[in-house]
Amino acid sequence: RGRPMTRTSALALAISAALSVRALPAQERADKDVILRAMHDELQRSRALKIVDLDAPYFIEYSLEDADVFSVSATLGGIIHISRRPLRALDVNVRVGSPKFDNTNYVLSNFRAGGSGDVSPLPLDNNYLALRQTLWLSTDSTFKTAEEAISRKRSALQNVNVTDSLPDFSAAPVVHSWKPSARKPVNEEALQALTVKLSKIFLAYPKITSSEVDFESVQSDSYLANSEGTSIREPGGLAYFRVQANAQAADGMPVRNAVVFNALSASALPGEAAITREITALADNLTALAAAPQGEDYDGPVLFEPTATAQLFGQLLGDALKV
């Protein structure tokens, strides 16, 4: 019969187990993520894509944004829009040919004759099979677009003498990075009330014909996986207040002004007092701008910076000087 476990040995076992969880490789944690697993498995299947007598794909990449969005808009103390929604966006990149010459770096690289090639939107829940299906449809569409693009690119270059061309693609080191989601609950009621309160500031400015205060919070996880083995999950976020207002001068000219406050999260935005000061200054400035006298006509020299001078001559004289 084995010896009974002492308090010391039990503590050592617990510490060892905790360290083993913390030391779990990033790739092993990533494999438990349904989105990344679907992306990895679909990349493996897509390696076999081939159309007889056409270029085979040599690089495939999936970029996916998974986000929660809360937004509210108000004007003069009244809500005009409020929304809470999940959002998923997918971007697929398929390169056919070779790193030396592929379907990219051409003016019509993303054009597809006969339609846009749009596919079904990504499912909002973590359904493995549904994610695989959308990835497959999007990969197939992008692959066919790439085949058309490289054909057009070859045709366009037939009558061009290229003596020393750069490669279209360069390899990069494989990266494995998996970071846990950093999403935190957003106090929607407080932010909604603050947006309405800020929009009331314009009630004291009758010369301002229209105004709006918008708030939006986006908390997301960005995914990236490619056929070279890179696998990344990176948390991110953005929050902002956007204030815009319009007025009209005595001569009928529309005048406008705006200010934006942004941060990586709602909790990092400036406080109510600071935002109120900025909005009040904006309203004062716009009111003064609408009441300002009309500028006098001017006939005389105008100075331009060197870069602007080249652009000015190019736009005004370039077409006229073409033979």
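Our structure's up above, just so we're on the same page.
Okay, so let's go over this structure. Here the structure is a predicted model, which is why all the values come from computation and not from measurement.

Reading the values: the criteria
- Residues numbered from 1 in each chain as written.
- Predicted model: local features only at pLDDT ≥ 70, side-chain atom pairs only at ≥ 80, totals over all residues.
- Heavy atoms only, no water.
- Helix = DSSP H or I, 4+ residues; strand = E, 2+ residues; numbered from the N terminus.
- Buried < 20%, exposed > 50% of the residue type's maximum accessible area, 1.4 Å probe, protein only.
- Contact = heavy atoms within 4.5 Å.
- Expected span 1.5 Å × (residues − 1).
- Salt bridge = Lys/Arg side-chain N within 4 Å of Asp/Glu carboxyl O.
- 1 Å grid on protein atoms, 1.4 Å probe; cavity = no way out; pocket = protein on both sides within 12 Å on 5 of 7 lines; lining within 4 Å.
- Points joined across faces, edges and corners; volume = space filled by probe spheres on them.
- Nonpolar A, V, L, I, M, F, W, Y, C, P; charged D, E, K, R; others polar.
- Axes fitted to C-alpha atoms, helices over the stretch in contact; angles between N-to-C directions.
- Parallel < 35°, antiparallel > 145°, perpendicular 65-115°, else oblique.
- Left-handed = near helix turned anticlockwise from the far one by under 90°.
- Phe/Tyr/Trp six-rings, centres within 6.5 Å; stacked < 30°, edge-to-face > 60°.
- Lys NZ or Arg CZ within 6 Å of the ring centre and 35° of its normal.

**Remarks on the overall build of the protein**
Each helix and strand in the protein was counted, giving seven helices and six strands. When the helices and strands of the protein are placed in sequence order, the string is α-α-α-β-β-α-β-α-β-β-β-α-α. Out of the 323 residues belonging to the protein, those deemed buried represent 30%. Within the protein, contacts between residues separated by at least 24 positions form 74% of all contacts whose residues are at least 6 apart in sequence.

**With respect to helix α3 (residues 34-46)**
Helical periodicity: at 3.6 residues per turn, an α-helix aligns residues three or four positions apart in one direction. Between its terminal C-alpha atoms α3 stretches 18 Å, which fits the 18 Å expected from 13 residues at 1.5 Å a residue. Within α3, the full set of buried residues consists of Ile35, Leu36, Ala38, Met39, His40, Glu42, Leu43 and Ser46.

**Some words on the pattern of salt bridges**
Scanning the model with the defined rule gives 15 salt bridges in all. A salt bridge links Arg154 to Asp55, with the shortest nitrogen-to-oxygen separation between them at 3.0 Å. One end of the pair, Arg154, is in helix α4 (residues 128-157); the other, Asp55, is in the loop between α3 and β1 (57-75), with 99 residues separating them in the sequence. Asp68 is paired through a salt bridge with Arg183; the nearest N and O atoms lie 2.6 Å apart. You can see Asp68 sitting in strand β1 and its partner Arg183 sitting in the loop between β3 (176-178) and α5 (188-199), a full 115 residues away along the chain. Of the residues examined, Asp68 reaches a relative accessible area of 37% and is grouped as partly exposed. A relative accessible area of 27% means that Arg183 is categorised as partly exposed. The structure contains a network of salt bridges with shared partners spanning Asp66, Asp68, Arg88, Arg183 and Asp221.

**With respect to the layout of surface pockets**
In this structure, the second largest pocket encloses a volume near 330 Å³. Along its surface, the second largest pocket is lined by 18 residues, and Ala182, Lys184, Gln219, Ser265 and Ala266 are the ones closest to its centre. Those elements that place two or more of their residues in the lining of the second largest pocket are β4 (208-226) and β5 (231-248). Top element by residues in the lining of the second largest pocket is β5. It accounts for four residues. Among the residues forming the lining of the second largest pocket, the class breakdown is nine nonpolar, seven polar and two charged.

**What about the packing of α3 against α4?**
α4 packs onto α3 with a crossing angle of 45 degrees between their chain directions and a minimal axis gap of 9 Å. The angle between the axes of α3 and α4 places the two elements in the oblique class. Crossing of α3 over α4 shows right-handed handedness. For the pair α3 and α4, contact is made by Val34, Ile35, Arg37, Ala38, Met39, Asp41, Glu42, Arg45 and Ser46 and by Tyr128, Leu131, Arg132, Leu135, Trp136 and Thr139, respectively. In terms of residue class, the contact of α3 with α4 is made up of eight nonpolar, two polar and five charged.

**Focus on the packing of aromatic side chains**
One pass over the full model with this rule turns up four aromatic pairs. Aromatic pair Tyr58 and Phe169: ring centres 5.9 Å apart, planes at 70 degrees, arrangement edge-to-face. With a gap of 111 residues between them, Tyr58 in strand β1 and Phe169 in the loop between α4 and β3 connect regions that are remote in the sequence. Between the aromatic rings of Phe215 and Phe241, the centroid separation amounts to 4.9 Å while the plane-to-plane angle is 50 degrees, which identifies the pairing as tilted. Of the two residues, Phe215 sits in strand β4 while Phe241 sits in strand β5, which places them 26 residues apart along the sequence. By relative accessible area, Phe241 is classed as buried at 2%. Among the aromatic side chains, those forming a connected cluster through ring pairs are Tyr58, Phe59 and Phe169. When the ring centre of Tyr128 is taken as reference, the NZ or CZ atom of Arg37 above it lies at 4.6 Å.

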